[in-house]
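Okay, here's what each chain looks like letter by letter:
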Amino acid sequence: MELINLVYDNNWLVKEGDLKNEDYSKANIVFLFGDTDIIKDEKRYLELVQLFPSAKIVGCSSSGNVLNSQLSQYPLVATAILFESSWVEISSINFNEGDDIEKLSENLINNLPKENLKHIFLMSDGLLINGSALTRGINKINKFTTVTGGMAGDGARFLETYVIANNIPTKRTIVAVGFYGENLCIQSGCFAGWSEFGTQRTITKSSGNILYEIDGQPALDLYKKYLGEYASELPNSGLRFPLNIKENDDSSEIIRTLLSINEEEKSITFAGDVPTGFKARLMKPDIDELIEGAGKAAEVINKVNDKTAFGLIVSCVGRKIVMNQLIDDELEIIQDILGNNVHLIGFYSYGEIAPFQDNLLTCELHNQTMTLTTIYES
């Protein structure tokens, strides 16, 4: 595997890598992440098509761009990869309001060839879709490989997101990248690191990802009570206080991020489903635990070899807002654990997709986690 990292600063600049200029035309895939206002300009995509004419180019808008162990200062980052013997295929769909997302996501996975498929990496519109419906559809059809990925971001604005699926950037788009080859070794890790506070309660009224009542009380009123001085800053302040939900005391916990509020209905819209009957408890940040959580996501990865490899990072915008200037610490701990031969690229998201370690063939929608996918070629 050979790769090259690029950044955009009025034009494309090479930062580092071992992919020779004469081999740009052979690159298999380019991952591109960037600030919404810059990445949605189709000129940036078309410039990369000129640089890497044979590559499939995929990516999305973000809430922060990751390049190696730093949050990049550049509005766009890209990594072009040339495999020794492996290859990629992509599948994409566009959806409209009211479409059956579960069915569409089944079709998305079905359209990928299955022979020699080792992993699927997803990127989806981050605002106009219920990510839980996306993962439910995938899990209905996918019984054969691991799936990771994330929901596109838009800084802390929550206005619009874009996905690139080997075409100009568009809204309402989902892309799946299939990785193929006998020599690929792909692993993932996912961990949060938030602290619970307050009483465990029960969701008593909800519909999909909209929460109406907790313990029979209006959800928004209860949230405001717990947030105190931060209540006036909703919905943005809600990123600091996600909701931890679980079906029962023995089931795995999933974190949900607040996306928007409805003052008239006293309801809260989250990034994924908040089912009626589930147990719920608010969470608060502890910077040390968040950084430690990022390290735990990397610790489950087994080092394969010392060859050039790459890691795809999807971390939550809420973590970025809370950690602020310390955000590089969670990236540095990952780089330290994996080693410098693993080149990191990724984005801060509106939702992360990854399996739990005890059920690797079932992907889940997470919020407020650090999710890591490493790709080695033996």
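None of the values given here were measured: they were computed from a predicted structure.

Caption draft 1: Representation of the pattern of salt bridges within the structure. Applying the stated criterion to the full structure yields 19 salt bridges. A salt bridge links Glu 47 to Arg 44; the nearest nitrogen and oxygen atoms lie 2.7 Å apart. Of this pair, Glu 47 and Arg 44 both sit in helix H2 (residues 42–51), three residues apart, which is roughly one turn of the helix. The partner of Arg 157 in a salt bridge is Asp 154, with the nearest N and O atoms 2.8 Å apart. Via salt bridges that share partners, Asp 37, Lys 40, Asp 154, Arg 157, Glu 160 and Lys 171 belong to a single interconnected network.

Caption draft 2: Spotlight on helix H4 (residues 131–141). Extensive coverage of H4 is indicated by the burial of eight of its eleven residues. Turning to H4, its buried residues are Gly 131, Ser 132, Ala 133, Leu 134, Thr 135, Gly 137, Ile 138 and Asn 139. Its side-chain oxygen 2.9 Å from the backbone nitrogen of Ser 132, Asn 130 forms the N-cap of H4.

Caption draft 3: Quick peek at the nonpolar core. If you look at the biggest cluster of nonpolar residues, it comprises 30 residues, and the most contacted ones within it are Phe 31, Phe 33, Phe 83, Met 123, Phe 179, Phe 310 and Ile 375. In this view, Phe 310 contacts Met 1, Leu 3, Phe 31, Ile 81, Phe 83, Phe 179, Val 342, His 343, Thr 373, Thr 374 and Ile 375; residues no more than four positions away in its chain are not counted.

Caption draft 4: Region of interest: the side chain of Thr 369. Here Thr 369 lies in the loop between strand E26 (363–366) and strand E27 (370–377). Among the polar contacts listed, one links the side chain of Thr 369 to the side chain of Glu 352, at a separation of 2.7 Å. Engagement of the side chain of Thr 369 in a polar contact is seen with the side chain of Thr 371, the distance being 3.4 Å. Not counting residues up to four positions away in its chain, the partners in contact with Thr 369 are Cys 190, Phe 191, Ala 192, Val 314, Ser 315, Cys 316, Arg 319 and Glu 352.

Caption draft 5: Focus on the packing of helix H3 (residues 101–110) against H4. Following both chains from N to C, one finds H3 and H4 inclined at 50°, their axes separated by 7 Å at the closest point. Between H3 and H4, the crossing angle belongs to the class labelled oblique. For H3 against H4, the interelement crossing comes out right-handed. Contacts between H3 and H4 involve Ile 101, Glu 102, Ser 105, Glu 106, Ile 109 and Asn 110 on the former and, on the latter, Ala 133, Leu 134, Arg 136, Gly 137, Ile 138, Lys 140 and Ile 141.

Caption draft 6: Structural detail: the environment of Lys 284. When you line up the elements, Lys 284 lands in strand E22 (residues 279–284). Judged by relative accessible area, Lys 284 falls into the partly exposed class, the value being 39%. Separated by 42 residues in the primary sequence, Lys 284 and Pro 242 place their C-alpha atoms 7.2 Å from one another. Once residues within four sequence positions are removed from consideration, Lys 284 is found in contact with Trp 194, Ser 195, Phe 197, Arg 240 and Phe 241.

Caption draft 7: Just the sheet that holds strand E2 (residues 12–17), in detail. A sheet is described by the order of its strands in space; here six strands give the open sequence E2-E1-E7-E3-E4-E11, paired in mixed fashion. Because the sheet does not close on itself, it has two edges, and the strands there are E2 and strand E11 (163–165). Strand-to-strand twist across the sheet, computed as the mean angle between neighbouring axes with direction ignored, equals 20°. By the bridge criterion, six bridges tie strand E3 (residues 29–34) to strand E7 (residues 76–82) in an arrangement that is antiparallel. When the bridges of E7 are listed, Ile 29 appears paired with Ile 81.

About the cut-offs
- Residues numbered from 1 in each chain as written.
- Predicted model: local features only at pLDDT ≥ 70, side-chain atom pairs only at ≥ 80, totals over all residues.
- Heavy atoms only, no water.
- Salt bridge = Lys/Arg side-chain N within 4 Å of Asp/Glu carboxyl O.
- Helix = DSSP H or I, 4+ residues; strand = E, 2+ residues; numbered from the N terminus.
- Buried < 20%, exposed > 50% of the residue type's maximum accessible area, 1.4 Å probe, protein only.
- Polar contact = N/O pair within 3.5 Å; in protein donor to acceptor, adjacent residues only side chain to side chain.
- Core = buried A, V, L, I, M, F, W, Y, C linked by side-chain atoms within 4.5 Å.
- Contact = heavy atoms within 4.5 Å.
- Axes fitted to C-alpha atoms, helices over the stretch in contact; angles between N-to-C directions.
- Parallel < 35°, antiparallel > 145°, perpendicular 65-115°, else oblique.
- Left-handed = near helix turned anticlockwise from the far one by under 90°.
- Pairing = 2+ DSSP bridges.

Coordinates in, geometry out; function isn't part of it.
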